[in-house]
Amino acid sequence: MKKNDNLALHGGKPVRDSYLPYGRQWIDEEDIKAVTNVLKSDFITTGPTISQFEKEVAEFVGSKYAVAFSSGTAALHAACFAAGIKDNDEVITTPMTFAASSNCILYTGGSPVFADINPQTYNISPEAIKPLINEKTKAIITVDFTGQPAEYDEIMSLAQKQGLIVIDDAAHALGATYKEKYIGSIADMTMFSFHPVKHITTGEGGMITTDNELYYEKLLEFRSHGITRDPHKLQNFHEPWYYEMQELGFNYRMTDIQASLGLSQLKKLKTFLTKRREYATKYNNAFKNMNEIITPFQKQGSNSSWHLYILRLNVHKLKTNRNEIFKALQKENIGVNVHYIPVYLHPFYQQMGYKKGLCPRAESVYQEIITLPLFPKMSVEDLNDVIAGVQKVISYYSIY
């Protein structure tokens, strides 16, 4: 790639004619038929399809229980409730995530405490967690960032010694493995998201997997107004129709319509994972000799599900900043994104008293990363366009 190639940002011809987003769902005729079948059935909201979806996800990840929710955020809220997080409790989490991973702590009255990241994996650092634990600490919320599992040997050991609950925000990690165990069977509770850009979709939706029966029962009640019909739990059982609201819950139920799509998508999950991993390998091979960018580091013993593919810019070898490169790639019709703004830098958290500089490694990484398109429905031609676009833009701005 020659430096005098004219960038689209400067009026040149883009590498592709149409815009390629960073993520997109893959819906086929089987998915549509599955949803149509439910629409024609007796149940379109809370019925047997939800239970079947929960059962199959639990079996896939190797957990005893699974509870579906209307969104991943609702599922995280429910997990914090089931963990008993209340006022004055502290929960340690990572700033390198979407705001929901931290907001769920606030929903139940707790206080988020942010631990810095491992600068290689971008996941929460066990070493950064240790000094933050005190008598108020109730739980740790990990995030399997981009689909790469966090360091669970160290984190689970630390949590067990300190009597802490571990909630895994695995919105990025359905199908990922750690030490040959599927994510979803390691933490005390694990959340999966079924947003359209995730590994499988239900439109919107989420799920918690767990081996803990008490958490399971609390999750079930919380998603349905805190109401139970279980005669063994009722305080004043009178009639067959009787039920009780025993906790302040929410209407966080998934519908059978959503679950039918999820079930159909689940059949294709392994195919989707294979595509993501294949494309990530092609990116790695294409960029490995480019000194201006750093490809994603993968820790030995884990197998990422590659929700995101993130390049880190070696800014000392470029003549411009991330902002300019982001705009240049967008103009090439490559739908790059940035994941994520460190949570505590958002105005809401700044107003709560969180200060810039709290997690310097996370803040440094944030300034240098760009997310490339990665999803199963991409064609090889799409992938090659992304590679060409990155090579074109980085070559133009290289100091060499």
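The rules behind these values
- Residues numbered from 1 in each chain as written.
- Predicted model: local features only at pLDDT ≥ 70, side-chain atom pairs only at ≥ 80, totals over all residues.
- Heavy atoms only, no water.
- UniProt positions renumbered as here; feature names shortened; annotations may be inferred.
- Helix = DSSP H or I, 4+ residues; strand = E, 2+ residues; numbered from the N terminus.
- Rg over C-alpha atoms; globule rule 2.2 N^0.38 Å.
- Buried < 20%, exposed > 50% of the residue type's maximum accessible area, 1.4 Å probe, protein only.
- Contact = heavy atoms within 4.5 Å.
- Areas by Shrake-Rupley, 256 points an atom, 1.4 Å probe, with all protein chains shown as cover.
- Lys, Arg positive; Asp, Glu negative; His and termini not counted.
- Charge placed at Lys NZ, Arg CZ, Asp CG, Glu CD.
- Polar contact = N/O pair within 3.5 Å; in protein donor to acceptor, adjacent residues only side chain to side chain.
- Salt bridge = Lys/Arg side-chain N within 4 Å of Asp/Glu carboxyl O.

Under an unreviewed UniProt entry, the name given to the protein chain is UDP-4-amino-4, 6-dideoxy-N-acetyl-beta-L-altrosamine transaminase, and the source organism is Aquibacillus albus. As stated in UniProt under Sequence similarities (unreviewed entry), the record for the protein chain gives "Belongs to the DegT/DnrJ/EryC1 family."

Asks: I keep staring at the overall build of the protein chain and nothing clicks. Help me out?
Replies: Each helix and strand counted, the protein chain has 13 helices and 15 strands in total. Relative to the globule expectation of 21 Å for 400 residues, the C-alpha radius of gyration of the protein chain, 22 Å, shows essentially globular dimensions. Taken along the three principal axes of its C-alpha coordinates, the protein chain extends 80 × 55 × 40 Å. Within the protein chain, buried positions represent 56% of all 400 residues. The contacts in the protein chain between residues at least 6 apart in sequence include a share of 73% that link residues at least 24 apart. When the accessible surface of the protein chain is summed, it comes to about 17,600 Å², and 50% of that surface belongs to carbon and sulfur atoms. The averaged location of the 43 negative side-chain charges in the protein chain is 7 Å from the averaged location of its 42 positive side-chain charges.

Asks: Would you explain the side chain of Asp89 in this entry?
Replies: As for its position among the elements, Asp89 is in the loop between helix H3 (72-82) and strand E2 (90-93). At 2.8 Å, the side chain of Asp89 and the backbone nitrogen of Lys86 are in polar contact. Once residues within four sequence positions are removed from consideration, Asp89 is found in contact with Gly84, Gly110, Ser111, Lys136 and Lys138.

Asks: Hey, could you run me through the pattern of salt bridges in this one?
Replies: Between side chains of opposite charge, a pair can form when the charged atoms approach closely. One pass over the structure, following the stated rule, counts 14 salt bridges. Ionic pairing is found between Arg16 and Asp382, a salt bridge with its closest N-O pair at 2.9 Å. Taken as a pair, Arg16 in the segment before helix H1 (29-39) and Asp382 in helix H13 (residues 380-397) lie far apart in primary sequence, 366 residues in all. The class for Arg16 is buried, based on a relative accessible area of 9%. Taking the shortest distance from any N to any O, the salt bridge between Lys55 and Glu59 comes out at 2.8 Å. Of this pair, Lys55 and Glu59 are both found in helix H2 (residues 48-61), 4 residues apart, which corresponds to roughly one turn of the helix. The exposure class assigned to Glu59 is exposed, which follows from its relative accessible area of 53%. Beyond isolated ion pairs, a larger network of salt bridges with shared partners links Arg16, Asp382 and Asp385.

Asks: How should I be thinking about helix H4 (residues 100-107) in this particular structure?
Replies: Residues that lie three or four places apart on an α-helix share one face, since the helix turns once every 3.6 residues. Most of H4 is tucked away, with 6 of its 8 residues classed as buried. Considered for burial, the residues of H4 that qualify are Ala100, Ser101, Ser102, Asn103, Cys104 and Ile105. Elements that come into contact with the buried residues of H4 comprise H3, E2, strand E3 (111-114), strand E4 (137-143), strand E5 (165-169) and helix H11 (347-351).

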